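Here is how the chains run, residue by residue.
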Amino acid sequence: MSSESDPESYARAQGGPRGETSASYDVYRDPWGIPHLRASDELRLAYAQGRVTAFDRAWQLEVERHRAEGSSASFLGAESVSWDRFARQCRLADTARRCYETMAADDPGTAAWVRAYVDGVNDGLAAGAARDERFARTGLSPAPWEPWVPLAIWIATHILFAGFATKLWRERVARALGDEAVTLFATDGPGTAGSNGWLVPGDRTTTGAAIIAGDPHRFIEDPGVYQQIRLSCPDYDVLGLAVPGVPGLAHFGHTGSAAWAITNAMADYQDLYVEQLRRGADSAVEALGPDGVWEPVARHTETIAVAGGDDVEVEILETARGPVIIHADDEPGANPGGAPRAEADGSTQTLSLRYPPRVRRDLGFAALPALLRARTVADIDRALDGWAEPVNVVHAADTAGGLLHRVAGAVPLRHRTNRLRPVPAWDPQHAWQGWAPTPAEPVQGFAVMANARGIASPLGVEFAPPHRANRIRELLSGSADWSPKAMADVHRDTHLASAAPLLALLPGFEDLTTAARALRERLLAWDRHMAADSTDATVFSAFRTATVRRFAADPVFEGLWGAPTGPDVFHPWLYLVPKIGYALEGLLTTSLVPGLDRAAHVRAALEETAAAGAPDTPWSEVHRLTPWQAVPDPEAADWPGLGGDHDCVNATSTVPGFTDLTARASAARYVWDLARREDSLWAVPLGADGVTGSPHHRDQLPLWAHCELVPVVTDWTRLTKESI
């Protein structure tokens, strides 16, 4: 940090009236209500970011704070108890406190920067809450943030990114079908997170400078999970996509001379340990550790307040491996030599979670202010050397022609089995043994990142099918004169390559009914685009749904038929029908389930779909957006229909076999132009303002639904200054 914005200077500034700090920044808005902030130094700028975010998104910030602290049921009710229990049991807030304490001791400059943001949030919450009727409707009153809250929000947002819950499913599969089938349902897509990203070097653009583009795939929420914002002070002028509640621009940014973007690396960096516990007469708890040694377990209880219901008491346990997130019944008579008892799905095991931030007491937040100050690819590369959570694939470019394609984040070195399923805590071979190096590779031609196998392969187990990555490469190869505006054509592409294995079975069927023959011809003639106006796309989805359901009903999967047990928060990973829907392509060809008569099921699904009458309904009429809202929207908005599907570049995910609706799609789209930043483009699903009914709450929604983007504005004279 510069000398004028070091911790001591900031502390002196805070000694005066709060208005003195507030007056040292200006807020501007572009025609879309996107905030552009200009301040006298970076600490005042961080303060401004926090205060403006609280004004625009107070409800969202308080929802995220309570989720991170495990207290959302106090105003959202009993449906939130499951998440709150998980948040407390895996110690999200406590981990954030520990990471902040380490930061304050080892990196006081970054800690002061985070505190400045929190001070801004605290000064803006009251005004922001006054704008939003959801506070009064739920009885929620804003509460002051502690300095560690942004770290807690970051951890809570990403705790499920590495998919440790998939290990619960693999354990269930192994117990039902045998160890050799543990990765039978591996497909990687879609999970809770993904993304597209591509980097086009200057020799393929109209300007001779690189273009970086892409879109993060998340569950769509209202308000949106990304915030378009610009941050300017004497040290830098950066625009990008922020995570509300967290300072800076962690994932996507353009400094003018350099730009960066990320996708989920699909790395495996969290482990589940099967624990054996025993309890003493004094309520003390011990866990069987490596080499047969019984170790003390930290224990206390916490109370979850529930709006409209009774309080819920939660026991918090933590072994030397990590917090216990699934409790089995107490096991009388410990058996040091054997595994704890478990049902067929493994759900009654006692499991602890080991995850890097709790082990390292570090999230890599020092990278955030460093990214804002980056001028070159080398600056970005150095900043990301310290990144920890989550593990990402990174693209970066600068105006001097520098290009970067690397992985950033903390992945532990350990036994391969750790990556696949829960492992015994008492076996020393499953201990962590340091940290894996993060791969990097030169950019040769186009660089594409779409969660598929590639640069991050050594760090993961399951990756996305290659369809999105291959399609992006195919589209980019079609021109050597790419412009920022032309990137919208890549964003909106709806080709569904994953349909091929299912359709390939159709020509071999004989003795079909007349209706089934007609349906087969229609499907084989389809262009395989899940276009919004395509009726053939709707027909294909109906056929796919029938196929998935027939597969799921096959007796070979009988051991997986039961409803998930254990904590509700893990259930999305444990239902058979969605697992088959996402893994259908692999299940059509795998030799791991020889008893599965694939052709018979596909044939029956074709006849079933034909008998029901092929729907002549455009895809967008059934494939509609259904965003998550903490409380129902009183406007009862008619959410738009969309094109695309989960394996399309326009990745609007259905749940095959369950619903054609989509809750997961592009949480933002961006195009960073390294020739002229003012020619860059971006869009979010809703808008810049988080308050329902405000002019900029949903003004980008129609454009986003059609994969159109809005221009980035960089000329301060074209912005409207706001009183503060």
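Let me sum up the structure you'll find in this document.

What counts and what doesn't
- Residue positions are given per chain, counting from 1 as you read along its sequence in written order.
- Totals for whole chains, interfaces and linings use all residues, but because this is a predicted model, local features are given only for residues with pLDDT of at least 70 and pairs of side-chain atoms are given and counted only at 80 or more.
- Only hydrogens and water are set aside; all other atoms, that is, all heavy atoms of the structure, feed into the side-chain values.
- With a 1 Å grid spanning the protein atoms alone, the term cavity applies to any set of points in which a 1.4 Å probe fits but cannot get out, the term pocket to an open set with protein on both sides within 12 Å along at least five of seven lines, and the term lining residue to any residue with an atom within 4 Å of a point.
- Grid points are joined across faces, edges and corners, and a volume is the space filled by probe spheres set on the points.
- In this text, helices come from DSSP runs of H or I with a minimum length of four residues, and strands from runs of E with a minimum of two, each type numbered from the N-terminal end.
- By nonpolar core we mean a set of buried residues, namely Ala, Val, Leu, Ile, Met, Phe, Trp, Tyr and Cys, connected to one another through side-chain atoms within 4.5 Å.
- Exposure categories follow from relative accessible area, calculated using a 1.4 Å probe and restricted to protein chains: below 20% of the type maximum is buried, above 50% is exposed, and the middle band is partly exposed.
- Note on contacts: a residue pair qualifies if any of its non-hydrogen atoms lie within 4.5 Å across the two residues.
- Salt bridges, as used here, are contacts in which a Lys or Arg side-chain nitrogen is within 4 Å of a carboxyl oxygen on Asp or Glu.
- Here a pair means two rings of Phe, Tyr or Trp (six-membered ring of Trp) with centres within 6.5 Å. Their orientation is stacked below 30 degrees between planes, edge-to-face above 60, and tilted elsewhere.
- By definition, being over a ring means that NZ of Lys or CZ of Arg is both within 6 Å of the ring centre and within 35 degrees of the ring normal.
- For helices, the axis comes from a line fit to the C-alpha atoms of the stretch in contact; other axes are also lines fit to C-alpha atoms, and the angle between any two N-to-C directions lies between 0 and 180 degrees.
- Reported orientations rely on four angle classes, namely roughly parallel under 35 degrees, roughly antiparallel over 145, roughly perpendicular from 65 to 115, and oblique for the rest.
- What makes a crossing left-handed is the near helix being turned counterclockwise from the far one by less than a right angle; a clockwise turn instead makes it right-handed.
- Each residue receives one of three labels: charged for Asp, Glu, Lys and Arg, nonpolar for Ala, Val, Leu, Ile, Met, Phe, Trp, Tyr, Cys and Pro, and polar for the others, Gly being one of them.

## Examining the layout of surface pockets
- Within this model, the second largest pocket holds a volume of roughly 410 Å³.
- Along its surface, the second largest pocket is lined by 30 residues, and Thr187, Pro465, Tyr582, Glu585 and Gly586 are the ones closest to its centre.
- Mapped onto the lining of the second largest pocket, the elements with two or more residues apiece are helix 17 (500–503), helix 19 (535–552) and helix 20 (576–587).
- The leading source of residues in the lining of the second largest pocket is helix 20, at seven residues.

## Examining the nonpolar core
- In this structure, Phe86, Phe185, Phe540, Phe543 and Phe570 are the most contacted members of the largest nonpolar core, which totals 189 residues.
- Looking at which element gives the most residues to this core, the answer is helix 3 (residues 42–69), with 12 residues.
- Residue contacts for Phe86: discarding those within four places in its chain leaves Ile159, Leu160, Phe164, Ile325, Val569 and Phe570.
- Counting residues in hydrophobic clusters, the runner-up holds 18 residues, among them Ile472, Val490, Val649 and Val671.

## Things to note about the pattern of salt bridges
- Enumeration according to the criterion identifies 47 salt bridges in this entry.
- In this structure, Arg358 and Asp94 form a salt bridge, with 2.8 Å as the shortest nitrogen-oxygen distance. Residue Arg358 is located in helix 11 (residues 356–360), and its partner Asp94 is located in helix 6 (residues 92–106); the two are separated by 264 residues in the primary sequence.
- Between Glu133 and Arg137 there is a salt bridge, with its nearest N and O atoms 2.8 Å apart. Here Glu133 pairs with Arg137, and both are found in helix 8 (residues 133–138), just four residues apart, close to one helical turn.
- For Glu133, a relative accessible area of 37% puts it in the partly exposed group.
- Through salt bridges that share partners, Arg91, Asp94, Arg98, Glu318 and Arg358 make up one connected network.

## Describing the packing of aromatic side chains
- One pass over the structure, following the stated rule, counts 18 aromatic pairs.
- Summarising the aromatic geometry, the rings of Trp154 and Trp387 are spaced 5.8 Å apart at their centres and angled 85° between planes, so their arrangement reads as edge-to-face. Remark: Trp387 occurs in the loop between helix 13 (377–384) and strand 16 (392–398) and Trp154 occurs in helix 9 (residues 149–158); sequence separation between them is 233 residues.
- For Trp154, a relative accessible area of 0% translates into the label buried.
- Judged by its relative accessible area of 5%, Trp387 is buried.
- Geometrically, the ring pair formed by Trp432 and Trp435 is edge-to-face, given 5.6 Å between the ring centres and 80° between the ring planes.
- One aromatic cluster is present, built from ring pairs that chain together Tyr226, Phe252, Tyr670, Trp672 and Trp682.
- When the ring centre of Trp432 is taken as reference, the NZ or CZ atom of Arg354 above it lies at 4.8 Å.

## Points about the packing of helix 6 against helix 9
- It is the contact of helix 6 with helix 9, at a shortest axis distance of 8 Å, that shows an interaxial angle of 130°. Considered as vectors, helix 6 and helix 9 are oriented oblique to each other. The element helix 6 and its partner helix 9 pack so that their crossing is right-handed. On the side of helix 6, the interface is formed by Leu92, Ala93, Thr95, Ala96, Cys99, Tyr100 and Met103, while helix 9 contributes Leu151, Ala152, Ile155 and Ala156.
- In the contact of helix 6 with helix 9, the residues fall into 10 nonpolar, one polar and no charged.

## Notes on helix 5 (residues 81–89)
- Counted residue by residue, helix 5 has eight buried out of nine residues, so it is predominantly covered.
- Every buried residue belonging to helix 5 is among Val81, Ser82, Trp83, Asp84, Phe86, Ala87, Arg88 and Gln89, and all of these are buried.
- Phi turns positive, to about 65°, at Arg91, one or two residues after helix 5.

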